[in-house]
Amino acid sequence: MKIATWNINGVKARIDTVLAWLQEARPDVACLQEIKSVDEAFPCQPFEDLGYNVATHGQKGFNGVALLSKRPLEDVRRGLPGDDGDEQARYIEACVSTDRGAVRVGCLYLPNGNPLGTDKFPYKLAWMDRLRRHAALRLAEEQPFLLLGDYNVIPEPKDARNPQDWLGDALFQPESRQHFRALVNLGFTEAVRACTDAADTYTFWDYQAGAWQKNNGIRIDHVLLSPQAGDLLASCGIDKHVRAWEKPSDHVPVWVELAA
DNA sequence: ATGCCTTTGTCTCAAAGA
């Protein structure tokens, strides 16, 4: 089965682009971030017309995540555990049954954390602590589990075309990178790096200053696989060409193919 | 560089994004 993640930067503005990509890529499960829509306003029908079941966890104006699945979404859970006072819609998780067993999928939109020096950066790090604690519980279940989405973390210098440009940015702070490593080190396989160690492997190009034309990209959308999911990994890819489409998101889809 | 674009809602400006 093919499982993908994509920060679409607004479902209202991106609906035609997302539908075109779904018809081309045909993922079995798609994790969407930054839907920027409340649940009641999310356009479920066009996705259902393509054969997808839809579950959303949105809020007004910003953030918001969604799961699309050709097979039924079971045990849908909205919100990241660990802080009942957190109002930001950044996590949704569900189970999908396959002929070869169940796969659990966690779709996340990790806080950006900029600008440094505001409460946004400690919120990012606290959110990452919560994510790590939740992931540890899931790993203890010893089932195929994928944690994928927009992590807003550049893991290594090679994951940026111009790493020096990001030294003062929350995405590339040592604390952000350390928190990401701590999550992976619980026992996940980072899928893209399991498939390629190539530089110039990016998932985001800013709208500004001709970043796409200069290939001034960064790799911040990641797919983490539990050991049981990692054993099923067949291939992975980044749909870079989508960035050149009309009305693109600033992110592109990342996907894995599992033997499940 | 308080810049560069793009989206959304408060809507012709501000806020957020990365």
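Residues numbered from 1 in each chain as written. Chains lettered and ligands numbered in written order. Predicted model: local features only at pLDDT ≥ 70, side-chain atom pairs only at ≥ 80, totals over all residues. Heavy atoms only, no water.

1. What about the overall build of chain A?
Then step 1. Counting secondary structure elements, chain A contains six helices and 14 strands.
Then step 2. Taken over C-alpha atoms, the radius of gyration comes to 17 Å for chain A, in line with the 18 Å a tight globule of 260 residues would show.
Then step 3. Its C-alpha atoms give chain A principal-axis dimensions of about 45 × 40 × 40 Å.
Then step 4. Buried residues in chain A amount to 54% of all 260 residues.
Then step 5. Intrachain contacts of chain A at a sequence separation of at least 6 include 69% that bridge at least 24 residues.
Then step 6. Charge separation in chain A, taken as the distance between the mean sites of 29 positive and 36 negative side-chain charges, equals 2 Å. (Helix = DSSP H or I, 4+ residues; strand = E, 2+ residues; numbered from the N terminus. Rg over C-alpha atoms; globule rule 2.2 N^0.38 Å. Buried < 20%, exposed > 50% of the residue type's maximum accessible area, 1.4 Å probe, protein only. Contact = heavy atoms within 4.5 Å. Lys, Arg positive; Asp, Glu negative; His and termini not counted. Charge placed at Lys NZ, Arg CZ, Asp CG, Glu CD.)

2. A short note on the protein's contact with DNA strand B
Then step 1. Close to DNA strand B lie 26 residues, the nearest being Tyr109, Asn112, Asn152, Gln208 and Ala209.
Then step 2. The sugar and phosphate moieties of DNA strand B supply 76% of its atoms located within 4 Å of the protein.
Then step 3. In the model, a phosphate oxygen of DNA strand B is placed 3.0 Å from a nitrogen or oxygen of the Tyr109 side chain.
Then step 4. The contact in question runs from a phosphate oxygen of DNA strand B to an N or O atom on the side chain of Lys120, over 3.3 Å.
Then step 5. Sorting elements by how many residues they give to the surface near DNA strand B places helix 1 (residues 11-25) first, with three residues.
Then step 6. The residue makeup of the surface near DNA strand B, split by class, is nine nonpolar, eight polar and nine charged. (Near = heavy atom within 4 Å. Polar contact = N/O pair within 3.5 Å; in protein donor to acceptor, adjacent residues only side chain to side chain. Nonpolar A, V, L, I, M, F, W, Y, C, P; charged D, E, K, R; others polar.)

3. So, the nonpolar core
Across soluble globular proteins, nonpolar side chains show a tendency to be buried alongside one another.
Then step 1. Of all hydrophobic cores here, the largest spans 27 residues; its most connected members are Ile3, Leu67, Val105, Leu146, Val223 and Val256.
Then step 2. A per-element tally of this core places strand 7 (residues 101-109) first, with four residues.
Then step 3. Setting aside residues no more than four positions away along its own chain, Val256 makes contact with Met1, Lys2, Ile3, Leu146, Ala191, Val223, Leu233, Ser235 and Cys236. (Core = buried A, V, L, I, M, F, W, Y, C linked by side-chain atoms within 4.5 Å.)

4. So, the sheet that holds strand 1 (residues 2-7)
Then step 1. In space, the six strands of this open sheet follow the order 3-4-2-1-14-13, with mixed pairing throughout. Edge positions in the sheet fall to strand 3 (53-57) and strand 13 (233-238), since each of these pairs with one other strand and no more. With strand direction ignored, the average angle separating the axes of adjacent strands in the sheet is 15°.
Then step 2. Across five bridges, the pairing between strand 13 and strand 14 (residues 254-258) is antiparallel. Residue pairing across strands places Leu233 opposite Leu258, the latter belonging to strand 14.
Then step 3. Most of the contacts of helix 1 go to strand 1, to which it runs at about 160°, and overall it touches strand 1, strand 2 (29-33) and strand 4 (65-69). (Pairing = 2+ DSSP bridges. Axes fitted to C-alpha atoms, helices over the stretch in contact; angles between N-to-C directions.)

5. Here's the deal with the pairing of strand 2
Then step 1. Counting buried residues in strand 2 gives five out of five residues, a clear majority hidden from the surface.
Then step 2. By the alternation rule, side chains of strand 2 split into Val29, Cys31 and Gln33 and Ala30 and Leu32, which are all buried.
Then step 3. Each parallel crossover has a hand, and the one from strand 1 via helix 1 to strand 2 is right-handed.
Then step 4. Note that strand 2 and strand 4 share five bridges and pair antiparallel. Residue Val29 lies in a different strand from strand 4, and its bridge partner there is Ser69. (Right-handed = clockwise from strand over helix to strand, strands pointing away.)

6. Looking at the packing of aromatic side chains
Then step 1. Inspection of the entire model under this criterion finds six aromatic pairs.
Then step 2. Taking the centre distance of 4.9 Å and the plane angle of 90° together, the rings of Trp205 and Trp212 count as edge-to-face.
Then step 3. Members of the aromatic cluster, connected to one another through ring pairs, are Tyr202, Trp205 and Trp212.
Then step 4. It is Lys2 that lies over the ring of Trp255; its NZ or CZ is 4.5 Å from the centre. (Phe/Tyr/Trp six-rings, centres within 6.5 Å; stacked < 30°, edge-to-face > 60°. Lys NZ or Arg CZ within 6 Å of the ring centre and 35° of its normal.)

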